[in-house]
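Summary of structural features
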Amino acid sequence: MGKNKTVFQLERFKHMKHKMTLQGVFVGLLTGIVVGLFRLVIEKVEFLRTNYMLPLIGDGKLWLLIIIVMIIAFFVYIMAKWQPLASGSGIPQVKAELRGQLKQPVYKLLVAKFTGAVLAIGAGLSIGREGPSIQLGALVGKGYARATRKLPVEEKMLLTCGAGAGLAGAFCAPFSGAVFALEELHKNFSVDVLVSTMAACISANFVSAYIFGLDPVFNLSIPNRLPLKEYWILLIMGVLLGLLGNIYNNLMMKALRTYDKLPKPLAIGVAFVLAIVVMLFMPQALGGGHSVVGQIAHAQFKLGFGILNNKIGAGILVSLIIFFIVKLIFSAISFGSGVAGGIFLPLLVLGAIVGGIFGEAYNQINGSNELYIANFVIFGMVGMFSAIVGAPATGIILITEMTGDLQNFFPLVIVGLISYIVADVTGTSPIYDLLLDRLMSKDKSVSNNSIEDEIAYQNRLKKRASKKVIIESDVYIGSPADGNKIMELSLPPGSLVISLVRHGKEIIPSGETIIRGGDYLVVLCAEDYQNVVFEKLDELCKTVKYEDNTAAI
């Protein structure tokens, strides 16, 4: 009986690819509604902060502002305590679940993440909406899979669709959502993942565009192109941004380690107290900083000093440098506290500030009359993203979609590539890999709250043979598996290569079948071993080997 069910699952898997596009559309629509509502509520609470909370300072009611912020901090703490997996960005949690390392509860976590992120962002902490949007989308995809009793491999595909759709809905960037799923979540190129996730991203973006309009997130005017003879400055920018990415990642991890020494209520309290200080002295640094990007790009940025506004003046270069330092420190303290919130938007703002500094310096030296500031702003954003996240393709496409500008695609590629290489050479691990390692190395109690939900779900499905999963993997040219027989792969016990796709044609393999670069492997394994199999396939199929031929010279 068990064998027949396994055969049924394999047949279902073979035909599943043709259904995932339609399933992705439906998940994308649901995600678009959830993330669209999330964006809408955030905009409303930010409006309340700007028009009702901040004026309390000028009205001499600072005490009332402090009370409001501390009440918000209390509820943020309640959400984090109730669902620990709602803390932070949410992207590491999604990556961990895709690799079988974590089980996220769906409905409780969705409520906690939505509420906690809205409150933290609304109160002015320097965090972004994109990480929570990705996790919310992933939970929507998982919830749909569970409600419709999908196989584990289908659940992972729908979770991926939801995650990509979450990014698409957050930034009106459908292609970026699909590329992010490939480059960051799966770490490989899969046509099946691309097509189904693209379908989800398009439908999510349609919902988002219906609510917020078709204008890009950063509606910048970039009328001029940087002359080719000036491209040398892109090399300098790329190197500097790569080094800044190293500093940023180290600062974030140091902030997280420092907060680990504090009780959770105190850690969150520290971040909200700093938010009050920022409200007093530099309110422009509050929140993600979306509006600041346009001000810098259009040479309209003027740093305000809150209650000291009439006592301190600074030139634009000095203002941008001060603003960068404050925003960087505030972002680290905000994110490090463990509140629900992402880092995409704050790091893009930091990149825009660096670009603004370059642009102002360039214009002052060359007398360009502020022609290229907007160009340098988007160069800075893509360089910062590539260095910190370690996903240059996603960064380049994301900035292109968020600005609606195509004429600067070539210099974006240059800056993104250089900053990524510099960050990699200097030993900068991608931020989400660092956060994933941290998540999995912490006390196992972080996921205890999801155990009851998982047990309940498994009990409902106890009649279903769900103990086997199917894992797919590309084979890179030059990888250890390239040129070797399947029997030489040394896969973990409980796993079996059941199919090999070469040039679009399926081969039923045997142990003697030789694997070639460009092949696509389908592996059946026990559910409990999926993480071990993932790691082994990454080592054998997705790592390029470099042989030392010096002895032959």
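Use the structure listed above.
Report on the accompanying structure. (Residues numbered from 1 in each chain as written. Predicted model: local features only at pLDDT ≥ 70, side-chain atom pairs only at ≥ 80, totals over all residues. Heavy atoms only, no water.)

Time to look at the overall build of the chain. Per the secondary structure count, the chain includes 21 helices and four strands. Considering the chain as a whole, with its 553 residues, one finds that 56% of them fall into the buried category. When the accessible surface of the chain is summed, it comes to about 23,500 Å², and 64% of that surface belongs to carbon and sulfur atoms. (Helix = DSSP H or I, 4+ residues; strand = E, 2+ residues; numbered from the N terminus. Buried < 20%, exposed > 50% of the residue type's maximum accessible area, 1.4 Å probe, protein only. Areas by Shrake-Rupley, 256 points an atom, 1.4 Å probe, with all protein chains shown as cover.)

Here we take up the pattern of salt bridges. In this structure the tally under the stated criterion is nine salt bridges. Two residues, Lys485 and Glu512, come together in a salt bridge whose shortest N-O distance is 2.8 Å. Placement of the pair is Lys485 in the loop between β1 (468-474) and β2 (495-502) and Glu512 in the loop between β3 (505-507) and β4 (520-526), with a sequence separation of 27 residues. Overall, Lys485 belongs to the partly exposed group, its relative accessible area being 28%. Note that Lys542 and Asp538 form a salt bridge whose closest N and O atoms lie 3.6 Å from each other. (Salt bridge = Lys/Arg side-chain N within 4 Å of Asp/Glu carboxyl O.)

What follows is about the side chain of Thr400. Within the fold, Thr400 resides in helix α17 (residues 392-403). Not counting residues up to four positions away in its chain, the partners in contact with Thr400 are Asp405, Leu406, Phe409 and Leu412. (Contact = heavy atoms within 4.5 Å.)

Before going further, it helps to spend a moment on helix α7 (residues 130-147). Across its 18 residues, α7 extends 25 Å between first and last C-alpha, which sits within 8% of the 26 Å expected from 1.5 Å per residue. Counted residue by residue, α7 has 17 buried out of 18 residues, so it is predominantly covered. The first or second residue beyond α7 is Arg149, which carries a positive phi of 55°. (Expected span 1.5 Å × (residues − 1).)

Turning our attention to the pairing of β2. Examined bridge by bridge, β2 and β4 share six bridges and lie antiparallel to one another. Residue pairing in the sheet places Val497 in a bridge with Val523 of β4. Bridge count for β2 against β3 is three bridges, and the pairing is antiparallel. From the neighbouring strand, Val501 faces β3, where its bridge partner is Glu506. (Pairing = 2+ DSSP bridges.)

At a minimum axis distance of 8 Å, the contact between helix α5 (residues 91-98) and α7 shows a crossing angle of 35°. Within the contact between the two elements, α5 uses Ile91, Gln93, Val94 and Glu97 and α7 uses Gly131, Ile134, Gln135, Ala138 and Lys142. When the residues that make up the contact of α5 with α7 are grouped by side-chain class, the tally is four nonpolar, three polar and two charged. (Axes fitted to C-alpha atoms, helices over the stretch in contact; angles between N-to-C directions. Nonpolar A, V, L, I, M, F, W, Y, C, P; charged D, E, K, R; others polar.)

Before going further, it helps to spend a moment on the packing of helix α16 (residues 373-389) against helix α18 (residues 409-425). Interhelical geometry of α16 versus α18 gives an angle of 35° and a closest axis separation of 8 Å. Remark: the crossing between α16 and α18 carries right-handed chirality. Here Ile378, Phe379, Val382, Gly383, Ser386 and Ala387 of α16 lie close against α18, whose contacting residues are Pro411, Leu412, Val415, Gly416, Ser419, Tyr420 and Ala423. When the residues that make up the contact of α16 with α18 are grouped by side-chain class, the tally is nine nonpolar, four polar and no charged. (Left-handed = near helix turned anticlockwise from the far one by under 90°.)

Phi at Cys172 takes a positive value of approximately 50°, unusual for a residue other than glycine. Checked against the element boundaries, Cys172 lands in the loop between α8 (152-171) and α9 (174-186).

This paragraph deals with helix α14 (residues 316-336). For α14, with 21 residues, the first-to-last C-alpha span of 29 Å sits near the 30 Å given by 1.5 Å per residue. Of the positions making up α14, those classed as buried are Ser319, Leu320, Phe323, Phe324, Lys327, Leu328, Phe330, Ser331, Ala332, Ser334, Phe335 and Gly336. Taken together, the buried residues of α14 touch α11 (232-260), α12 (264-281), α13 (290-297), α15 (344-366), α16 and α19 (431-441). Within two residues after α14, Gly338 carries a phi angle of roughly 90°, on the positive side.

Turning next to a nonpolar patch on the surface. A contiguous nonpolar patch, built from Leu22, Val25, Phe26, Leu29, Leu30 and Ile33 and spanning about 510 Å² of accessible area, is present on the exposed surface. Secondary-structure assignment places Leu22 in helix α2 (residues 20-53). (Patch = residues over 30% accessible without salt bridge, like charges linked within 9 Å, V, L, I, M, F, W, Y side chains within 5 Å.)

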